[in-house]
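Spelled out, the chains give:
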Amino acid sequence: MSGEQDRWQVKLAAWVHDPAEKALVLFRDPSGHEGGTTRALLRKLFGDGGIPSEVANVIRWADRWAAAADRPQFPVDVENRYAAWARVDFVKNAVLVHPLTGKEIALGTLVDTGLDPAALKAVSTDHLERLILRDDGGVDWKRTFLNFWQNAQVSPAPRLGALWQVLPADTRVPDHSIWEHLRLTSAFAGAMANGDMPAILAVSLGPVQSFIAQGRSTSDLWAGSHLLSHMAWEAMRVVAERFGPDAILFPDLHGVPIVTAWLRSQVGVDDGEDPLAGELKSQTDANPLFAAALPNRFVAIVPAGAAEAVARDIVSDVRSWVLQRAKAAWNRLGTEGEVSAAGLNYGMSQIGRQLDGFPDVHWCAVPWKLVETDAAGRVTGTNRLGEALSPFYPADHDGATPGFLGSAAWKVINQESQIEGMAFFQPNGGVLYPAIYDLLDRALGAFKTSREFSELAQEGYRCSLCGIREVLCTDEEERNSRAAQAPMWSRLERKLPAWLRENERLCGVCLLKRLWPVLFTESSEVKQFVGEEGQVRRFVVSTHTMALATTLQRLVARHAQIVGRPELRDLLDGIQEHERQGRSGFRVALPRKVVRELRDAGEEVRRLVRALPGWLDDLSDQTDEDDENNPGVTRRQILRKAQSLIRENPDEEGSPSEEAYYALVLMDGDHMGAWLSGAEPAQRTPYRSIFHPAIRAEIENRVQHSPVFSSYLSEHAPPSPSYHAAISRALNGFSLHVARRVVEDVHCGKLIYSGGDDVLAMSSVKDVLSMIMALRCAYSGTVPASDQETVWRLLNLEDHGLLLKNGYALIERSRLLLRTMGERATASAGVVIAHHKAPLGSVLREARAAERAAKAAGRDAFSISLMKRSGGITRFTSHWYLHGIGETQASAAGILFRLRDVLETAVSRRFAYHTTDWLQQLPANPAEPLSEEQFREMLATNLQYQLGRQSVEKRENPNCGNFRSLAEDLAAFSIQAWKDHGAEAEFSAVKFLADAITVAEFLARPPRGDR
């Protein structure tokens, strides 16, 4: 075969080689699973003559390689038949296995659900036939394949529901779906289509953290994250356009908004029933296209002969795309600044020098040709592969074969072994995917650490944001003078204050980031959904608005009680006067949750809430000594009237103040590199756990006297394509659907970036504890076994239609079932609570330091930094303890929740000051003469005393038992942390406890809680 059109023909035939409903008709349809949908579709595609023989041969190889790569080997007899015991009727005994945990999900019997084989085949065939697209010459193979890839997984009948998305490819090994098998088969077939062998290609883009961090506002943060995600897609698009999106194994591109936009331009049809299809037409930043949802690294299967050329094209195309966008940003700025053509050209030359070699693109490809195979594709030798792997393993491995080639699983598969007279077949090349991927991962890592750096000569004044590259100028004289005095920049900062701050001068890269929101909203990706005339309004919540979110929510909650109040009328008159004076900036973006809650409020309350943050911003320079007799002008007067509306008792006295702090959250999945490489056996599932329980029982009964096969079953399954697909789909669902719902729907926050396992978000201080706990639970798809009543009361996920169980997340509104990373996966979070006027760069640096502290604590932890305006930083780091602390049923977040609530409602905050002072006088940790139990009892008794003594009710007996449970949990919390740190000399249990109390007290201060 030859030609690109033939490649798409092979891929499409491979996609339909197994019917989607295979698990539901197996052993129930007399014509066999290939006699229904598959036969009908092949006839529609290829006519009555069927598949050409050369196409059939490629598909046969691809199918066998895909099955061998994803599934354990099964013994067969001399006629290539499986034993009768190696069969599972899925309809009678439906079981799914979570691929990352081995946890079984028993669906029971499906006999009574009306899933008749004939009806299933008819529904499936009709559904898939509608996806076939034709042109004048017959079937359009590429467009049809892309349409299948995008829409075949959509459930064709309501009664099938989410089951259609998770139907297993093999009922004996139900840990991967039929869709994952079809994608892998078509990827292999595409790589083999023209007589070539496949190769795995890995590509990584950078820099990441420094590129995102160089900014002064939340808009800059978003722009850096989104631009990096878009660059990643431009790299992936090279592979997707030539070999199909199925060729990219990691990340999973299905449902990614920017990929959906590309598919629409390629296929030219509607987006089926994609959950995002309607939202893509939104003309605000709620549009999913504004989500930064792609990581900076991807892995793909490509033809070995084309791997190097594809990689070089990726490097060239990505850098060319960035350069064109940077020049477009400079041209846009120059047009607004009335720069001459010569001046524009001078700046263009600077941009060309600054972006030479940007971004960093690293790639590595490993061909399957390293595996010796015979004419049937079966493995005959692994010497070359072993030699390639050896340099990446320690020299003291005593001559042992490296990696998967030395595993018990490979030794069993690669020798003549029998069970009851039935032998394992000689493996084909697909079985060695783990070794191929291992070599790829290690080689790419080695290349990245040994890369060359080129010097960037920059002689002019440096950029205000990055401080690395020189400021863009219009001529040589301006470049050699003080850039701050350049006429163009001075004109622009007056004309376009939304683009440039006072005295801000930018380089080519930072200018692209600053104008990226404008360029993207005008891009073809956005316009094809909202229309050429559509005006997309992008809202970025400011740090000040996020700090005020709690106050705004309380105003909305009391909307029925405050209508008609004189304070409300005075504030509305002040807004009207503010507008009459022509002041700009009083209308700002609000958090999504506040906007949704505003829908039920009256027009007057909506107007006040929308105007209040910007109004206060405009008056930020005024002081308390300003004219108090001028109604509605000073911040103090505005706040006093607003707080009067919030209070239950309007006559209640109190100092007018506003919430000035917000929270910045960074969350990152733990050991993600190890998850992908399979380096940690504890993160992988033993072979025996991925079998259907009926098959497992049969196998274990037959191999109980065979040490060879017993070791095979106990061996942890190595990474496979479906394993990587499971990780990719879990991270895809978390970043696209779950994280945004948790941050912006359940809590009062703003998601800035969510790509795979990484999350960058803002939150109101009131919601931050609940939000990070909910993100942690949603990442694993599990509920905490400890203090469920306390935690779930605060997380409140079910009320927002998000259900978590057994490593799955169900979003009820869109009826979307998502597999998560499972209970073995953990995540760590860094949180900074800072004043809204604190420099964003320093807050982001502290957030990254907090995230590193959580990782350094052993991972599965969180770290909170309090950056007080008065100076100093309090840092508190703890494990999540989702399964309880010691013998208690409390999690770390549950304890902090309870302590914060007590300090808000029942106990004076003086408790925190007295207790932290008292703790300083104690030994740091349990030591002679105090035993661990005595130390715990001392802490609990004194904490109970202080809580009772500072209680609001001023109880006569401070030793009463009302606070005993909380006191015991706090004491156990500090002791458990001490145990977890082992013999660390610097760790102090009492300082840990003091920091926990300090954090809870800060969160409980009056402006930050419901009253």
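Fair warning: this is a prediction, and the values are worked out from it, not measured in the lab. (Residues numbered from 1 in each chain as written. Predicted model: local features only at pLDDT ≥ 70, side-chain atom pairs only at ≥ 80, totals over all residues. Heavy atoms only, no water.)

(A) Local environment of the nonpolar core. Formed by 305 residues in total, the largest nonpolar core has its most connected members in Val239, Ile314, Ile727, Met821 and Ile833. Of the residues forming this core, the biggest block, 14 residues, is contributed by helix H10 (residues 218–243). Leave out the neighbours within four places in its chain, and Ile833 touches Tyr661, Tyr662, Ala663, Val765, Ile864, Ser865, Leu866, Met867, Phe1002 and Leu1003. Counting residues in hydrophobic clusters, the runner-up holds 27 residues, among them Leu555, Val594, Ile638 and Ile646. (Core = buried A, V, L, I, M, F, W, Y, C linked by side-chain atoms within 4.5 Å. Buried < 20%, exposed > 50% of the residue type's maximum accessible area, 1.4 Å probe, protein only. Helix = DSSP H or I, 4+ residues; strand = E, 2+ residues; numbered from the N terminus. Contact = heavy atoms within 4.5 Å.)

(B) Spotlight on the pairing of strand E19 (residues 827–835). Summarising burial for E19: nine of the nine residues are buried, a large majority. Of the strand pairs in this sheet, strand E13 (residues 661–669) and E19 are connected by nine bridges, and their pairing is antiparallel. Across the sheet, the residue bridging to Val665 is Val831, located in E19. Here six bridges tie E19 to strand E20 (residues 861–867), and the two strands are oriented parallel to one another. Paired with Ile833 across the strands is Leu866, a residue of E20. (Pairing = 2+ DSSP bridges.)

(C) Region of interest: the pairing of strand E17 (residues 808–811). Sheet analysis places strand E16 (residues 802–805) next to E17, joined by four bridges and oriented antiparallel. The residue bridging Leu802 from the neighbouring strand is Ile811, located in E17. Counting the residues in the hairpin turn of E16 and E17 gives two residues, including Asn806, whose phi is positive at 55 degrees. Alignment of E17 against strand E18 (residues 816–819), held across four bridges, turns out to be antiparallel. In the sheet register, Ile811 faces E18, and the bridge partner there is Leu816.

(D) Quick look at the sheet that holds strand E7 (residues 297–303). The sheet built from four strands is open, its strands ordered E6-E7-E5-E8 with antiparallel pairing. Strand pairing shows two members of the sheet lacking a second neighbour, strand E6 (248–250) and strand E8 (360–367), which therefore form its edges. This sheet shows a mean twist of 25 degrees between the axes of neighbouring strands, independent of strand direction. Pairing of strand E5 (residues 198–206) with E7 involves seven bridges; the strand directions are antiparallel. Across the sheet, residue Pro198 finds its bridge partner in E7, namely Pro303. (Axes fitted to C-alpha atoms, helices over the stretch in contact; angles between N-to-C directions.)

(E) Broad picture of the state of the cysteines. If you walk through the whole model with that rule in mind, you get zero disulfides. Free cysteine: Cys507, not disulfide-bonded; nearest cysteine sulfur from Cys510 at 3.7 Å. (Disulfide = S-S within 2.5 Å.)

(F) Structural context of the packing of aromatic side chains. Inspection of every chain in the model, using the stated rule, returns 26 aromatic pairs. Their ring planes at 70 degrees and their centres at 5.7 Å tell us that Trp321 and Trp516 sit as a pair that is edge-to-face. Separated by 195 residues along the polypeptide, Trp321 in helix H12 (residues 307–336) and Trp516 in helix H19 (residues 508–521) bring together distant segments of the chain. Between the aromatic rings of Phe862 and Trp880, the centroid separation amounts to 4.8 Å while the plane-to-plane angle is 40 degrees, which identifies the pairing as tilted. One end of the pair, Phe862, is in strand E20; the other, Trp880, is in the loop between strand E21 (873–879) and helix H34 (892–905), with 18 residues separating them in the sequence. In this structure, Phe862 and Trp880 share a single accessibility class: buried. (Phe/Tyr/Trp six-rings, centres within 6.5 Å; stacked < 30°, edge-to-face > 60°.)

(G) The sheet that holds E17, seen in detail. An order of E16-E17-E18 is seen for the three strands of this open sheet, with the pairing classed as antiparallel. What marks the edges here is a single partner per strand, and that holds for E16 and E18. Strand after strand, the sheet turns through a mean of 20 degrees between neighbouring axes, direction not considered.

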